[in-house]
Amino acid sequence: MRFSFRLRYAFHHHGSPVQSLRALLTMPVEEFVAGWISGAVGLALGHPVDTVKVRLQTQSGYRGILDCMIKTYRNETVLGFFKGMSFPLLSVALVNSVLFGAYSNALLYLSAAHHHDRRAKPPSYAHVFTAGSFSGLMQAVVLAPIDLIKVRLQNQLHSYGLRSPAGASGTQYRGPVHCAASIFHKEGVMGLFRGTWALVLRDTPTMAIYFLTYTSLCQAMTVQGREPGPMTVLVAGGCAGTASWILATPMDVIKARLQMDGVKGVSYHGVLDCIRISVRHEGPQVFLKGLALNCIRAFPVNAVTFLSYETILKLIC
């Protein structure tokens, strides 16, 4: 039995609110399942690079990418590159599920075309852009606490369960659960959403570019009416990831700094204040921190993510 999620149909053809709600709850789950699995695959591939990127954005003790990698490996072994991964590995699948599910269902609402119908009846670029923006907003809200915990754990320069070495900064967390509990105890529920506005400003426009780039490249590289091949999906997905991270990196820097607010002895009064202080101390080039790593990571991770997503959809649809 195929699920349906035609919002306009639900509200126009079901008389009572209860009937409308029941219709809305029968949304297509294929995109959520495919997003769930592909998100886990992409995270496992890209997390080590993400750890180096986060440290370069939030710490000043590194001379560059290679220096950060050498110091991380020397002080923490290879496990240092995977700090903060366990929690996102369990939860990023949910986030990716929300991203792809929200996008596909928003596109279904706008164009009235299911995923398997979009090759014969492609949605307009305006619909793709709008659905992508909506999915970015939804992702940011769900992602905020998960990303905060990941960034805090990635910035620990020593292993879980050990005392902080002399001179080491930052709170010692024993793991993701202890990190979440510590933040909640000190800052309340809102503490878990530190940096959310920067995350929303990062993800809402970039996810629009993400899906728009992927869709346009797939259409340009595929004969009309045919399914894009694996190589097309890989190239389009990789380019989409790279394009979106080029746009996202400046706000990604601000987001990471707001998430570490207070831990490193720096206090910001919001997004604009963080931008002002960062530019004053480090110049406009501060917004390019992590750009090279973001691009290096973005292509393979998003190529694999989209290929996994499209392949899984074909298997379960």
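Residues numbered from 1 in each chain as written. Predicted model: local features only at pLDDT ≥ 70, side-chain atom pairs only at ≥ 80, totals over all residues. Heavy atoms only, no water.

A. How the structure looks around the overall build of the protein chain. Assigned secondary structure in the protein chain consists of 11 helices and zero strands. When the helices and strands of the protein chain are placed in sequence order, the string is α-α-α-α-α-α-α-α-α-α-α. By residue count, 50% of the 317 residues in the protein chain fall in the buried class. Sequence separation of at least 24 residues holds for 75% of the intrachain contacts in the protein chain that already meet a minimum separation of 6. For the protein chain, the accessible surface area stands at approximately 15100 Å², while carbon and sulfur atoms represent 69% of it. (Helix = DSSP H or I, 4+ residues; strand = E, 2+ residues; numbered from the N terminus. Buried < 20%, exposed > 50% of the residue type's maximum accessible area, 1.4 Å probe, protein only. Contact = heavy atoms within 4.5 Å. Areas by Shrake-Rupley, 256 points an atom, 1.4 Å probe, with all protein chains shown as cover.)

B. View of helix 4 (residues 65-76). If you check helix 4, its first and last C-alpha atoms are 16 Å apart, about what 12 residues at 1.5 Å a residue would give, namely 16 Å. For helix 4, the complete set of buried residues consists of D67, C68, T72 and E76. The buried residues of helix 4 occupy an angular sector of 130 degrees when the element is viewed end-on, so they sit on one face. Summarising the geometry of helix 4, the exposed residues directed more than 90 degrees from the buried face are L66, Y73 and R74. Positive phi appears at T77, one or two residues downstream of helix 4, with a value of about 65 degrees. (Expected span 1.5 Å × (residues − 1). Arc of directions from axis to C-beta.)

C. Looking closely at the side chain of T242. Among the structural elements, T242 can be located in helix 9 (residues 230-259). Overall, T242 belongs to the buried group, its relative accessible area being 18%. Residues contacting T242, with those up to four places away along its chain left out, are C295, A298 and F299.

D. Quick peek at the pattern of salt bridges. Considering all chains together, one arrives at 18 salt bridges under this definition. Two residues, K53 and D50, come together in a salt bridge whose shortest N-O distance is 3.2 Å. Here K53 and its partner D50 are both found in helix 3 (residues 30-58), three residues apart, which amounts to about one turn of the helix. Pair check on accessibility: K53 and D50 agree, each one buried. Across the salt bridge formed by R63 and D67, the nearest N and O atoms sit 3.5 Å from each other. Overall, the relative accessible area of 11% leaves D67 in the buried class. Among the ionic contacts, a cluster of salt bridges with common partners joins D50, K53, D147, K150, R202, D203, D252, K255 and R297. (Salt bridge = Lys/Arg side-chain N within 4 Å of Asp/Glu carboxyl O.)

E. Representation of the confidence of the model for the protein chain within the structure. For the protein chain, mean pLDDT is 80; residues scoring 70 or higher make up 78% of the total. Predicted confidence for residues 1-27 stays below pLDDT 50, and this span has 39 contacts to residues more than four positions away or in other chains. (pLDDT = per-residue confidence, 0-100.)

F. Inspection of the packing of aromatic side chains at higher detail. Tallying each qualifying case throughout the model produces eight aromatic pairs. Ring centres of F211 and F306 lie 6.2 Å apart, and the angle between their planes is 85 degrees; this geometry places the pair in the edge-to-face category. Linking F211 in helix 8 (residues 196-221) with F306 in helix 11 (residues 291-316), this pair joins segments that are 95 residues apart in sequence. Each member of the pair F211 and F306 is classed as buried. Taking the relative accessible area as the measure of exposure, F306 reaches 1% and is therefore buried. Over the ring of W245 we find R297; its NZ or CZ atom is 4.9 Å from the centre of that ring. (Phe/Tyr/Trp six-rings, centres within 6.5 Å; stacked < 30°, edge-to-face > 60°. Lys NZ or Arg CZ within 6 Å of the ring centre and 35° of its normal.)

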